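# Close look at the chain arrangement
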Amino acid sequence: MKIKDISFNLLARKAGGSRGLCVSIGAFVVRLRTQEKAFLRTFSLLYQDFQISTDELVDFHIDMRRPSGYRRWLKAQVIFSIDGHTPFEPFPLDHAMPLFEWGLNWCIARRAHQYLILHAGVVEKQGKAIIFPALPGSGKSTLSAALGLRGWRFLSDEFGMVRGSDGLLQPIPRPVPLKNESIQVIQDFSPSAVIGPLFPKTRKGTVAHLQSPRISVEQSRQLAKPAMIIFPLYQSGAETTFKSLAKHYAFLKLSSNAFNYEVMGLTGFERVRDIINSCACYNLIYSDLDDVIKQLDAMITQEGSDDL
Amino acid sequence: MTYRSQGARQLLLNAFKNPKSLQQLELHEWELLIRCTRSSKLVAALGKKIEFNCPEVVLPEKVMAHFQGAQQLVEYRKQLLIWELNRLNKALAALDVDIVVLKGGAYILLDLPLSVGRLLADIDILVDKKEIERVEKHLLAQGWQSAKLDEYDQHYYRTWMHEIPPLRHQYRFIEVDIHHTILPLTSRLHPDPERLLNDAISLDKMACKVLSPCDMVLHSSVHLFYDAELKADDFRDLVDLHELLSFFCQQSADFWTKLEARSEELSFQRPLYYTLYFSWQLLGTPVPNELLIRCKGRPLYLPRKLMEYLIPLALLPEHPDYPEKKVAFARWLLYIRSHYLRMPLHLLLPHLFKKARKRLEPVVT
């Protein structure tokens with residue numbers, strides 16, 4: 001059963017109860033407990049296609065609650081807690097959604113060392129996945145989101161989760177946090193895109209989340225094989241330029257991009273090595289989403305049939 | 001069937017006492033077990049225990065993923081720690097001072113079974129008090145840095161504590177705590193560190209030493225039942241003790257007698273009694289019954305019963321969804337006890353007062 005399949009009242013009752021609302025998010029199950037209706041409304045919009053989990057092992061037990069004391073009501077705040085621990089300072093109550101997303105990122109990056117976790121967007125088409133490793137501000141979220149809106153399977157905009165045991169990519173197609181100008185860019189790019197409320201004045205400026213594409217969410221237990229690594233960089237006005245990247249250089253770029261490369265030890269090295277060996281590697285400079293997607297479509301169709 | 005706190009405690013104890021029984025767990029019980037082990041930093045340790053002691057137990061895929069994730073981190077920390085020990089040895093080679101590695105570092109150097117899957121935080125070493133200044137200077141000259149402390153904290157460490165302010169190499173993450181004895185100078189017990197140093201054992205693979213088996217157990221006992229505040233993450237220390245005792249008593253037949261004699265030499269009878277009792281009672285350590293009865297550290301009836309009630313409450317993690325008032329109260333009482341044992345009141349009260357006042361002062365940057 002999906003989140004959108006039950007009434008908001010029932011959803012709120014579940015989330016408000018002691019057993020919480022358990023949602024399947026990629027390979028993880030998250031138990032969310034909260035009384036905050038406004039937050040839950042945004043959550044249920046952005047996560048509408050995710051499955052409600054009933055009989056699986058829950059990985060993260062997250063509560064979103066108001067603090068005790070006067071900040072419960074006056075300039076109300078919200079606290080993210082996992083298993084009773086509160087790793088962050090409280091946020092203003094109306095920023096509960098970005099706090100939840102940020103907190104869940106933190107939980108995954110801290111614990112899920114059964115994966116090599118790349119700081120990367122991931123999309124897939126025809127069984128071939130492209131990894132977009134990049135630093136914040138390079139446009140990887142926008143690019144991955146745009147591809148997701150043009151029929152590619154969207155696996156993540158933030159975490160390239162490479163399974164330690166076999167190097168396959170585990171999808172985690174959560175809503176995409178669009179920042180500042182990107183919000184308008186995506187809205188113009190796809191007028192039918194569902195974007196949640198604006199959250200002004202976060203650490204990263206104004207943030208709004210793009211609802212996860214339905215097909216991607218439905219296929220989120222289906223792992224993908226990496227076929228290309230593209231290091232994207234958005235440059236205003238730039239023409240779309242792909243530059244082939246030497247493997248040794250790509251290795252260094254990819255390994256230093258991972259959140260937990262050192263923690264993963266030998267496994268981390270082997271996974272990066274395999275990816276680099278089996279994938280074509282490029283640097284990409286772009287500004288025009290439509291143009292870059294057209295070229296990626298052509299490249300992915302050719303990929304594997306002959307070497308580019 | 002849903003579990004409340006008592007059930008959660010039993011689930012956790014049972015997993016360490018009788019891992020074979022885990023075969024029968026249902027998924028929601030695994031989930032609770034993993035949450036409880038996580039609050040005592042024992043996820044990887046439990047995974048390894050099952051892997052070694054009963055590989056026939058079939059783990060659900062997601063349980064395995066939790067074990068894997070935790071074990072990866074443990075391996076990484078272990079590697080960092082071994083490297084840090086290597087660097088310390090190199091940096092101090094010229095000094096010709098005995099370096100005794102304590103706790104987790106020692107378990108690794110000795111390849112003890114409990115070192116597999118044990119999450120390590122920092123390195124603790126023991127050196128002769130006469131040499132500590134030379135050791136510190138030597139490390140500071142070679143890239144280690146002292147934690148930035150204000151004057152009062154410096155004074156606190158240097159005058160009252162059993163260690164100097166922690167050091168950390170500027171390019172690395174592992175903290176090095178250098179001790180000159182194993183209890184604060186202000187505490188009621190004053191073990192003579194020279195006895196520990198004299199009995200320390202040399203190693204083949206590194207120039208440093210480790211404590212003798214008896215001293216290793218006694219140090220861990222004192223740490224848990226004398227010096228610690230006894231919170232949920234201290235349950236791990238009891239598991240350590242259980243593993244140490246179980247291992248050493250198999251290694252030598254007269255281990256228990258030696259341990260008892262050594263505890264008397266160092267006046268550690270009381271902490272040893274608690275170790276033996278709770279390790280036996282909660283984790284099923286094969287402690288000889290007559291030893292428990294004749295143990296000189298056995299408290300009188302009333303304090304004994306009180307501790308038998310308080311310790312399991314405070315030490316074992318609660319059900320994460322159902323925190324209990326009596327647990328908080330037990331932890332509070334034991335917190336007071338640990339501070340009382342740590343410092344006489346005429347030092348403790350001004351210290352707590354200063355600490356509280358510092359917290360209230362605005363931070364000046």
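Criteria and cut-off values
- Residues numbered from 1 in each chain as written.
- Chains lettered and ligands numbered in written order.
- Predicted model: local features only at pLDDT ≥ 70, side-chain atom pairs only at ≥ 80, totals over all residues.
- Heavy atoms only, no water.
- 1 Å grid on protein atoms, 1.4 Å probe; cavity = no way out; pocket = protein on both sides within 12 Å on 5 of 7 lines; lining within 4 Å.
- Points joined across faces, edges and corners; volume = space filled by probe spheres on them.
- Helix = DSSP H or I, 4+ residues; strand = E, 2+ residues; numbered from the N terminus.
- Nonpolar A, V, L, I, M, F, W, Y, C, P; charged D, E, K, R; others polar.
- Pairing = 2+ DSSP bridges.
- Domains from an automatic or database assignment.

## Here we look at empty space enclosed by the protein
Counted by the stated rule, this structure contains one cavity of 30 Å³ or more. There is about 50 Å³ of room inside the largest cavity. Surrounding the largest cavity, Leu 57, Val 58, Asp 59, His 61, Asp 83 and Arg 111 of chain A together with Glu 31, Ile 34, Arg 35, Arg 38 and His 66 of chain B form its lining. Element by element, the count of residues in the lining of the largest cavity is highest for helix H2 (residues 27–39) of chain B, at four residues. Of the residues assigned to the lining of the largest cavity, the class counts are three nonpolar, two polar and six charged.

## Notes on the sheet that holds strand E6 (residues 201–202) of chain B
All names here are of chain B. The mixed open sheet is built from seven strands, whose spatial order is E3-E4-E5-E2-E1-E7-E6. The open sheet is flanked by strand E3 (144–146) and E6, the only strands paired with a single partner. Two strands pair when backbone bridges link them, and strand E4 (residues 167–169) and strand E5 (residues 175–179) are joined in this way by two bridges, in the antiparallel orientation. Note on E5: the bridge partner recorded for Arg 168 is Glu 175.

## Looking at the layout of surface pockets
Residues and elements named next belong to chain A. For the second largest pocket, the calculated volume is near 1,000 Å³. What lines the second largest pocket is a set of 43 residues, among which Ser 141, Pro 177, Leu 178, Lys 179 and Lys 204 lie closest to the centre. At six residues, helix H3 (residues 96–111) tops the list of elements feeding residues into the lining of the second largest pocket. Here the lining of the second largest pocket is composed, by residue class, of 19 nonpolar, 14 polar and ten charged. Two domains share the lining of the second largest pocket, each providing at least three of its residues, namely domain 1 (3–111) and domain 2 (116–302).

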